[in-house]
Amino acid sequence: RSEDTSKYPYTLQAQRGTTIGGVANPIMVSTVHEQDYYEKNGSEYVLKGLSLAIVLDPRDEKNERLDTSLDESLVVDFGREAISKLYKYLQSKKDLKDIPANICVYYATNTNESTINGRYILKSYCDGSVGNIETLNYHNYMFSSEEATLADEEVASQFEIFKSNMKKASTEAVGVIGYGRYKDNTIQSMNINLNVNVKTYEELIYLVSTAADEVDSQFTGFDVKVLVYSQDKLEAIIIRNKGEEAKSSLLY
């Protein structure tokens, strides 16, 4: 980075001297992930497309996490500019000038606020010029939490019933945490970590069977995966794909 914009004309980072949301000289970009797509032509492979993800993880100029996250509108605006800059850089390379590129922006998790994975917020298919930069509506919620209940009261209620019934079925304490992935405000999938304390193999079978029945009973319209742990060891996996019945596998 430099205060001289001509020194690094294609940098994705905020130039020195920039202030964003009250943060002076922020470090905005964590990394860029790239996938290349080739088509076989005889005995050779020809590059036909690129997919790039710009990962935004706003930090201060010392690369330390911010005490308060930036307003998301500022992050989105920065991401839009980053897409344009990255495609401009690709266009400056002779071998890449005519290669279409799908460029996305991923907003990493602010661990001061959440432990849930980050999410994609922008995408643009660029072919000869920067395409229409679309805003993506992806969110991840942890169940149970106030945020998840506000976002989806129905699924939050279903999860509470599942959690309550699993606790009733166990003779020991049970830990139940769910992570829901949403697109356009509709749940797409949920991963559940079920921590039990079993003393016998028969008890494990009973709890896994109960969990599978509860998944079928409580959740509809989206994929569900349950990881069953005992003493921090993964003992079983339950998978219920949308429109199907739950299937369980014991690991031994």
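Residues numbered from 1 in each chain as written. Predicted model: local features only at pLDDT ≥ 70, side-chain atom pairs only at ≥ 80, totals over all residues. Heavy atoms only, no water.

(A) Quick look at the environment of Ser164. With respect to the element layout, Ser164 can be found in helix H3 (residues 153–169). For Ser164 and Val174, which are 10 residues apart along the polypeptide, the C-alpha to C-alpha distance reads 9.6 Å. (Helix = DSSP H or I, 4+ residues; strand = E, 2+ residues; numbered from the N terminus.)

(B) Structural view of helix H1 (residues 72–91). Taking 1.5 Å of rise per residue, the 20 residues of H1 would be expected to cover 28 Å, and the 29 Å separating its terminal C-alpha atoms lies within 8% of that figure. For H1, the complete set of buried residues consists of Val75, Val76, Phe78, Gly79, Ala82, Ile83, Leu86, Tyr87, Leu90 and Gln91. For H1, the secondary structure elements touched by its buried residues are strand E1 (19–20), strand E3 (27–41), strand E4 (44–59), strand E5 (101–107) and strand E6 (119–126). (Expected span 1.5 Å × (residues − 1). Buried < 20%, exposed > 50% of the residue type's maximum accessible area, 1.4 Å probe, protein only. Contact = heavy atoms within 4.5 Å.)

(C) Inspection of the state of the cysteines at higher detail. In the structure shown here, the tally under the stated rule is 0 disulfides. Between Cys104, a free cysteine, and Cys126, which holds the nearest cysteine sulfur, the sulfur-to-sulfur gap is 9.5 Å. (Disulfide = S-S within 2.5 Å.)

(D) Inspection of the packing of aromatic side chains at higher detail. Summed over the entire model, instances satisfying the criterion amount to 7 aromatic pairs. With a centroid separation of 5.2 Å and an interplanar angle of 75 degrees, the aromatic rings of Tyr141 and Tyr182 are classed as edge-to-face. Taken together, the residues span a long stretch of sequence, with Tyr141 in strand E8 (residues 138–143) and Tyr182 in strand E9 (residues 175–183) at a distance of 41 residues. The exposure class of Tyr182 is buried, given its relative accessible area of 2%. The interplanar angle of 45 degrees and the centroid separation of 5.7 Å between the aromatic rings of Phe162 and Phe219 together place this pair among those described as tilted. Of the two residues, Phe162 is situated in helix H3 and Phe219 in the loop between helix H4 (201–218) and strand E11 (223–230); the sequence distance between them amounts to 57 residues. Residue Phe162 is classed as buried on the basis of its relative accessible area of 0%. Among the residues examined, Phe219 registers a relative accessible area of 0% and is labelled buried. An aromatic cluster of at least three residues, connected via ring pairs, comprises Phe143, Phe159, Phe162, Phe219 and Phe222. (Phe/Tyr/Trp six-rings, centres within 6.5 Å; stacked < 30°, edge-to-face > 60°.)

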